[in-house]
Amino acid sequence: ADASATYHTTIEIPLEEITEPVLCAPNDPDDAVLLSDALKGPHGDGTNTPIDEVFIGSCMTNIGHFRAAGKMLDEVEGGLSTRLWVSPPTKMDAAQLTEEGFFAIYGKVGARTEMPGCSLCMGNQARVADKA
């Protein structure tokens with residue numbers, strides 16, 4: 001941030017209050033819920049909300065998120081029961097993850113790897129299935 005700049009709006013997010021993963025609905029990062037709320041189900045009765053498609057990536061992720069996902073996916077036997085897209089934020093991250101073997105892990109479970117950069121957050125590159 002530029003200390004001498006004048007900003008229209010300042011938004012402060014107390015990160016210490018975010019204690020669990022946040023899930024976002026397809027094509028709209030503003031449509032977000034906490035993981036615990038998603039697990040309560042759409043009616044709050046504990047019936048899990050089905051997750052049909054998963055996207056890991058955005059300009060705000062870091063390479064550690066992709067490594068952590070790769071380590072979890074490496075434990076999967078066979079393919080995933082859901083569609084998974086992976087899109088690192090930069091070409092440099094994609095090259096590093098490839099060198100470290102993570103792209104091979106993503107491929108092993110059937111994940112679709114996308115070009116680095118703006119992607120599914122804004123509806124680029126792939127279409128989310130109706131009613132996903």
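This is a predicted model, so every value here is computed, not measured.

Honestly, the overall build of the protein in this entry has me stumped. Any pointers?
What the protein contains, in helices and strands, is 4 helices and 5 strands. For the protein, the succession of helices and strands along the chain, N to C, is β-β-α-β-α-β-α-α-β. Carbon and sulfur atoms form 57% of the exposed surface of the protein, whose accessible area is close to 9300 Å².

Even after reading the chapter, I still don't get the side chain of E53, so can you show me in this structure?
Mapped onto the elements, E53 comes out in strand β3 (residues 53-56). Judged by its relative accessible area of 17%, E53 falls in the buried class. At 3.4 Å, the side chain of E53 forms a polar contact with the side chain of R83.

Can you help me understand the sheet that holds strand β4 (residues 83-86) in this one?
Pairing between sheet strands relies on hydrogen bonds along the backbone, with the strands arranged either parallel or antiparallel. Pairing in this open sheet of 3 strands is parallel, and the strands run β3-β4-β5 from one edge to the other. At either end of the open sheet lies a strand with only one pairing partner, and these are β3 and β5 (112-113).

Help me out: how do you make sense of the nonpolar core in this one?
If you look at soluble globular proteins, the nonpolar side chains tend to sit buried side by side. I63, F66, L73, L84, V86, L97, F102, I105, Y106, V109 and A111 form the largest nonpolar core, which has 11 residues in total. For this core, the secondary structure elements donating two or more residues are α2 (63-73), β4 and α4 (102-108). Filtering out sequence-adjacent residues up to four positions away, F102 remains in contact with F66, R67, G70, K71 and L97.

Would you explain the pattern of salt bridges in this entry?
In a structure, side chains of opposite charge can pair up when their charged atoms sit close to one another. Under the defined criterion, the tally for this structure stands at 5 salt bridges. Taking the shortest distance from any N to any O, the salt bridge between R83 and E53 comes out at 3.4 Å. Of this pair, R83 sits in strand β4 while E53 sits in strand β3, and the two are 30 residues apart along the sequence. Taking the relative accessible area as the measure of exposure, R83 reaches 40% and is therefore partly exposed. K108 is the salt-bridge partner of D74, the closest N and O atoms lying 3.3 Å from each other. A residue pair is termed long-range when its members are at least 10 positions apart, and D74 in the loop between α2 and β4 and K108 in helix α4 qualify at 34 residues. Classification of K108 as partly exposed rests on a relative accessible area of 42%.

Got a minute to help me understand the side chain of S87 in this structure?
Following the sequence through the fold, S87 ends up in the loop between β4 and α3 (91-99). S87 gets classed as buried once you look at its relative accessible area, which sits at 1%.

What exactly am I supposed to notice about the pairing of β4 here?
The side chains of a regular strand alternate, residue by residue, between the two faces of the sheet. The sheet contact formed by β3 and β4 spans 4 bridges and is parallel. Note that in β4 the partner of F55 across the bridge is W85. With 2 bridges connecting them, β4 and β5 associate as parallel partners. Bridging from a neighbouring strand, W85 pairs with R112 of β5.

Reading the values: the criteria
- Throughout, a residue's number is its position along its own chain's written sequence, starting from 1.
- At least 70 in pLDDT is required for a residue's local features to be given in this predicted model, at least 80 for side-chain atom pairs to be given and counted, and no such filter applies to totals for whole chains, interfaces and linings, which use all residues.
- Here the side-chain values reflect all heavy atoms present in the structure, with hydrogen atoms and water set aside.
- Each helix is a run of H or I in the DSSP string that is no shorter than four residues. Each strand is a run of E no shorter than two, and both are numbered from the N terminus.
- Throughout, the Shrake-Rupley method with a 1.4 Å probe supplies accessible areas, and for residues the shown protein chains are the sole cover considered.
- Only protein chains enter the accessibility calculation, which uses a 1.4 Å probe. A residue is then buried if its area is under 20% of the maximum for its type, exposed if over 50%, and partly exposed in between.
- Polar contacts, as used here, are pairs of N or O atoms within 3.5 Å; protein pairs need one atom able to donate a hydrogen and one able to accept it. Residues neighboring in sequence count only if both atoms are side-chain atoms.
- Here a strand pair is declared whenever DSSP counts at least two bridges between the two strands.
- We call a set of buried residues a nonpolar core when its members are Ala, Val, Leu, Ile, Met, Phe, Trp, Tyr or Cys and they connect through side-chain atoms within 4.5 Å of each other.
- We call two residues in contact when some of their heavy atoms are within 4.5 Å.
- Salt-bridge detection follows one rule: a side-chain nitrogen of Lys or Arg within 4 Å of a carboxyl oxygen of Asp or Glu.

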